[in-house]
Amino acid sequence: MRLIPIYESGMKALTIVPGKANSAAVLEVPEPPESDGAVLVRALELGICGTDFELISAQYGWPPPGSDHLILGHESLGRVEEAPEGSGFQKGDLIVGIVRRPDPVPCVACAVGEWDMCRNGKYTERGIKERTGFGSERWRTEPQFALCLDSTLADVGVLMEPSTILAKAWDHITRIGERAKWKPRTVLVTGAGPIGLLGAMMGKQRGLDVHVLDVIKDGPKPQLVHDLGGTYHTCQVKELNFAPDVIIECTGVADVIAQAMSKLGNDGILCLAGVSSHNQLENLDIGTINRKMVLANSVIFGTVNANRRHYEMAEEALLKADRKWLKRLISRREPLSNWQQALQRRHDDIKVVIQFSAD
Ligand SMILES: [Zn+2]
């Protein structure tokens, strides 16, 4: 890919040089190649998340073969500009791209469309691993790796991709829970960021008593949890006066994870959905943890990414949710020209979105 500095005419994209910290820049790039897929999309919005910050700080990230640059962005929302007949898309449709592509082998999971469970790690991901992201004014996708979104979801559709992560988490929590007769009553979500709040929302949709724990004491997060009908806690996990049936851990903080492991109720499930930084040493009594886990049928599991089924589940969850509440998860919309502000983390931010074009 040939890249030239911006502010000439042409298509702009938010890019990084993987492996080079703080290389984020808006550059002029070529139009998306047809090899990216037959559906041409005009970008509306792009959500920014922790993964993008990790990519920008060069913790990981891989450019497409033959390029130094990676177009950033995996939380997409766009309008179809061109789509072949029979593709399931028409000009004007609201569209969200699927992030991961199956590995070329493929492994047993990828072979049946469960690329989120890829066994050999040779999968690719748009905007993360060896594939162009959705952070450009126009992008293309194969029709089978995109979802035609309900037209009423335009104002919250950018929340689709983070919602798929929680749709998968809940899908797997349910499958694990149903190993035996299971009727969970309480869920604790640690971390009230977008992932935690969407997880709490889906817990509420399942009729659970929802608790959210975070260190932030003010700003919109406590009110959002309250308005969801949940209880907001700022204490330590170990200080809670109940033992949750389900815990969705979204902080990645070692101390929180350790406390969550000990706090789980009988037959409890701890879902690890937050990616930790390395080198967080904790003094753990594995003997006691093992005793407790064995004697309480506990399960601790990790979850990442999502397959097509989870995109469909996420869309259903967004359609069922209180739209006004959902809209409050989007703290700021910044035009592409303000991309530097969009990449600044502010105390009150929940989800920050870069706006590529008006709907
Ligand atoms: Zn695979």
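Note that the structure is predicted; figures quoted are calculated from it, not measured.

Calculation rules
- In this convention, every chain numbers its residues from 1, walking through the sequence in written order.
- At least 70 in pLDDT is required for a residue's local features to be given in this predicted model, at least 80 for side-chain atom pairs to be given and counted, and no such filter applies to totals for whole chains, interfaces and linings, which use all residues.
- Side-chain metrics rest on all non-hydrogen atoms present in the structure, leaving aside hydrogens and water.
- Distances define the donors: N, O and S atoms within 2.8 Å of the metal qualify, as do those within 3.2 Å of Na, K or Ca. Water is excluded, so some sites may look unfinished.
- Key to geometry: four donors with every angle between 85 and 135 degrees are tetrahedral; four donors are square planar and six octahedral where opposite donors lie over 155 degrees apart and all remaining angles lie between 65 and 115; all other sites are irregular.
- In this scheme, a residue with accessible area under 20% of its type's maximum is buried, one over 50% is exposed, and one in between is partly exposed, where area comes from a 1.4 Å probe on protein chains only.
- N or O atoms within 3.5 Å of each other form a polar contact, as long as, within protein, one can give a hydrogen and the other can take it, and as long as residues adjacent in sequence are counted only when both atoms are side-chain atoms.
- The helix count covers DSSP runs of H or I at least four residues long, the strand count covers runs of E at least two residues long, and both are numbered beginning at the N terminus.
- Throughout, nonpolar core names a set of buried Ala, Val, Leu, Ile, Met, Phe, Trp, Tyr and Cys residues whose side chains join them through atoms within 4.5 Å.
- We call two residues in contact when some of their heavy atoms are within 4.5 Å.
- Whether two strands pair depends on DSSP finding at least two bridges between them.

**Q** Could you give an account of the coordination of the zinc ion, naming the residues involved and the relevant values?
**A** Around a metal, the perfect tetrahedron of four donors has angles of 109.5 degrees, and the perfect octahedron of six donors has angles of 90 or 180 degrees. Around the zinc ion, the protein supplies D103 (OD), C107 (SG), C110 (SG) and C118 (SG) as donor atoms, at distances of 1.9 to 2.3 Å. Around the zinc ion, the four donor atoms sit at angles spanning 100 to 123°, and that spread fits a shape best called tetrahedral. Counting residues between consecutive donors of the zinc ion along the chain gives the motif D-x3-C-x2-C-x7-C. For the residue pair C107 and C110, the accessibility class agrees, reading buried in each case.

**Q** Tell me about helix α7 (residues 286–295), and name the residues and values.
**A** Regarding α7, its N-cap is D285, as a side-chain oxygen of that residue lies 3.1 Å from the backbone nitrogen of G287 further along. Where α7 terminates, the next one or two residues include N297, which has phi positive at roughly 50°.

**Q** Give a description of the nonpolar core that names residues and reports values.
**A** Ranked by size, the top nonpolar core spans 92 residues in total, and within it M201, I248, L326 and L329 carry the most contacts. By residue number, the principal contributor to this core is helix α3 (residues 160–177), which donates eight residues. Not counting chain neighbours up to four residues away, the residues in contact with L326 comprise V156, L159, L198, M201, L318 and A321. Membership of the second largest hydrophobic core comes to 13 residues, among which are I247, I257, M261 and L270.

**Q** Please provide a residue-by-residue account of the environment of R179, values included.
**A** Within the fold, R179 resides in the loop between α3 and β13 (186–190). Of the residues examined, R179 reaches a relative accessible area of 43% and is grouped as partly exposed. Ignoring anything within four residues of it in the chain, the contact list for R179 reads D267, G268, N297 and V299. Within the local environment of R179, its side chain forms a polar contact with the backbone oxygen of N297, the two atoms lying 2.9 Å apart.

**Q** Please set out the pairing of strand β6 (residues 75–82) residue by residue, giving values where relevant.
**A** In terms of burial, β6 is a largely internal element, six of the eight residues being buried. Pairing of strand β4 (residues 39–48) with β6, which is carried by seven bridges, proceeds in the antiparallel orientation. Each residue of the ladder has a partner; that of L40, found in β6, is E82. Note that β6 and strand β7 (residues 94–97) share two bridges and pair antiparallel. Bridge pairing links G78 to I95 in β7.

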